[in-house]
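Residue-level structure breakdown
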Amino acid sequence: MSQIFFRQTVEHEEYQAPLSLYELHQQIREELEVAFPDSYWVVAEVAQVNVDRRKGHCYLTLVDKGDDARQMLAQARATIWGSRFQMLGRYFEEKTGHPLKAGLKVLLQATVRFHELYGLSLDITSIDPNYTIGDLARQRQETLKRLEAEGLLEANKELELPLVPQRLAVISSATAAGFQDFIHQLENNSYGYSFKHTLFAATVQGNDAPASVAQAFAQIARESETFDAIVLIRGGGSQTDLSCFDDYKIAAAIGHSPLPVLTGIGHERDESIADLVANTRLKTPTAVAGFLIDRFREAEELAENMFDSIRMFAAQQLKLTDDKLERLSLRLNNITKQQLQNRKDKLENLSRGLLLKPKSYLEAQRHFVSDLEKDIYSGTKDLLHERQRHLQELSVCVEGKSQRYLHMKEHELNHLVHCVETEAKDNLKKNQLAFTKYGDKLEYGTKGKLQGENHRLKLLEMSIEANNPEKLLLRGYTLTLLNGKIIKSIKNVKDGDVVETKMQDGTLHSMVVNIDTDE
């Protein structure tokens, strides 16, 4: 197969010489200029925007993701040259309220260009902002429909804003002027109201804003018990940076929020989706602060009015009670006088009866008391006799049971003492046998150990005796010393040293006059 390819190549080269890459690109450019001589209206999505601040040019990356936006169908580079970009960029921003940025769908007029070095690109000559406005409106309606289908469009409005929202979770940029104005107005209100505010810093403009704000809402949701409401404010910046508040992520975060949300993000022309979903929508951060202060003032006025109403009601009730007590006092006074008169008449009647029958009544009472005394004496005597007999029976019963219990415990104690003595004797015998066994074993082991150590000492003594220098001298060896130390090498002496040589029967003193090595 390689031969066939080679032959075809050779045959082709006979008719046409190969082109350089530049020549090929030059032909492509010429063909494209002929095939696409005019400008064309193109619909595309902006994937990337880079503005050369020095030269004023705008470089775009355009993509086509199709209807379902799930895969990339086409991609191209595009350029808006400096002078035209100043005009088109300003015009597009004024009409749409947005600068050219990633994510926008645009309808643009462009001419096809091909450069030998940079390849294919589009030169943009015009942009129709009405198409982008319509696409943004479509995206906005789709977002609103999705929120409504998920039950998030009215969810935050159904939450009740506390009468006095004092503990505020604020989502904003920490360095923004709007945030500082909000805090300044809260802390310096003329009524001296105190607010507790905690900032959850987030990016509130640009492409990173939706994820940043949604993350702040998630963090507040984990601490929702420590706050009364959430304040979402935008801290200054261009009006064109507000499109992030139409993003689904921010709106969904507000819909899922367990706390009512107040917005002050600066939309003057219309409401953002975040405003539509929030519990309370205000235009600016200072307007939010004013709303909170006014709410405190309304609550204070309501409390004052309720206090005045309670005071007036209490005064009326006290007046009514005083009147009622006065009427009751008069009625009670009349009833008391009537009752006293009735009792007085009854006492007089009783007094007359007692005066007529005092003796017969007293005699009847004396007989009654006497009979009662006899009955009590008789009953008490019989009861005491019965109790005495019962106690004697109990005494006999307790004495018998006590003696039987004592005999039983005495028998158990004797048996326990016998068992303890028997066990102690057995343990004593076992310990004596074990002691005798261990004593014999210790004595035998000690003797063996002593014999082994004696044998080792004799061997060491024989070894020391064999290496004794005096023994070596008897065998004809000598020892040479310098300053009392044995000379082991000629390196230890030099010419002129006086050495000492020990022999079996005496010592020689010599002077070194020459040193010869074995080398």
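Everything here concerns the structure above.
Now for a quick tour of the structure.

Thresholds applied
- Residues numbered from 1 in each chain as written.
- Predicted model: local features only at pLDDT ≥ 70, side-chain atom pairs only at ≥ 80, totals over all residues.
- Heavy atoms only, no water.
- Axes fitted to C-alpha atoms, helices over the stretch in contact; angles between N-to-C directions.
- Helix = DSSP H or I, 4+ residues; strand = E, 2+ residues; numbered from the N terminus.
- Left-handed = near helix turned anticlockwise from the far one by under 90°.
- Contact = heavy atoms within 4.5 Å.
- Nonpolar A, V, L, I, M, F, W, Y, C, P; charged D, E, K, R; others polar.
- Phe/Tyr/Trp six-rings, centres within 6.5 Å; stacked < 30°, edge-to-face > 60°.
- Buried < 20%, exposed > 50% of the residue type's maximum accessible area, 1.4 Å probe, protein only.
- Lys NZ or Arg CZ within 6 Å of the ring centre and 35° of its normal.
- Core = buried A, V, L, I, M, F, W, Y, C linked by side-chain atoms within 4.5 Å.
- Pairing = 2+ DSSP bridges.

A word on the packing of helix 3 (residues 82–96) against helix 4 (residues 129–149). Close contact between helix 3 and helix 4 brings their axes to 9 Å; oriented N to C, the two are set at 35 degrees. Along this stretch, helix 3 crosses helix 4, giving a crossing that reads as right-handed. Of the residues in helix 4, those in contact with Tyr-91, Phe-92, Lys-95 and Thr-96 of helix 3 are Pro-129, Thr-132 and Ile-133. Of the residues in the contact of helix 3 with helix 4, the class split is 4 nonpolar, 2 polar and 1 charged.

Turning to the packing of aromatic side chains, a few remarks are in order. Scanning all chains against the criterion turns up 5 aromatic pairs. Pairing Tyr-191 with Tyr-193 gives two aromatic rings, centres 5.3 Å apart and planes at 20 degrees, and the pair type is stacked. Classification of Tyr-191 as partly exposed rests on a relative accessible area of 44%. For Tyr-193, a relative accessible area of 14% corresponds to the buried category. Judged by centre distance (4.4 Å) and plane angle (45 degrees), the rings of Phe-195 and Phe-296 are tilted. In this pair, Phe-195 is assigned in the loop between helix 5 (177–187) and strand 7 (196–201) and Phe-296 in helix 9 (residues 285–356), connecting sequence segments 101 residues apart. We classify Phe-195 as buried; its relative accessible area is 12%. Relative accessible area serves as the criterion here: at 8%, Phe-296 is assigned to the buried category. Taken together, Tyr-191, Tyr-193, Phe-195 and Phe-296 form an aromatic cluster joined through their ring pairs. A cation over a ring is seen here: Arg-146 above Tyr-248, with NZ or CZ 3.6 Å from the ring centre.

What follows covers the nonpolar core. Membership of the largest hydrophobic core comes to 33 residues, with the highest contact counts inside it found for Ile-171, Phe-217, Leu-232, Phe-245 and Ile-254. Here this core takes 6 residues from helix 7 (residues 248–256), the largest share from any one element.

Right, let's talk about the sheet that holds strand 10 (residues 280–282) for a bit. Pairing is parallel across the open sheet formed by 5 strands, whose spatial order is 7-6-8-9-10. Single-partner strands in this sheet number two, and they are strand 7 and strand 10. Each neighbouring strand pair of the sheet contributes to a mean axis angle of 20 degrees, computed without reference to strand direction. Sheet topology places strand 9 (residues 261–264) next to strand 10; 3 bridges connect them, and they run parallel. Opposite Thr-263, over in strand 10, you have Arg-281 as the bridge partner. Running at roughly 160 degrees to strand 6 (residues 167–172), helix 5 makes contact with strand 6, strand 7 and strand 8 (229–233) of the sheet.

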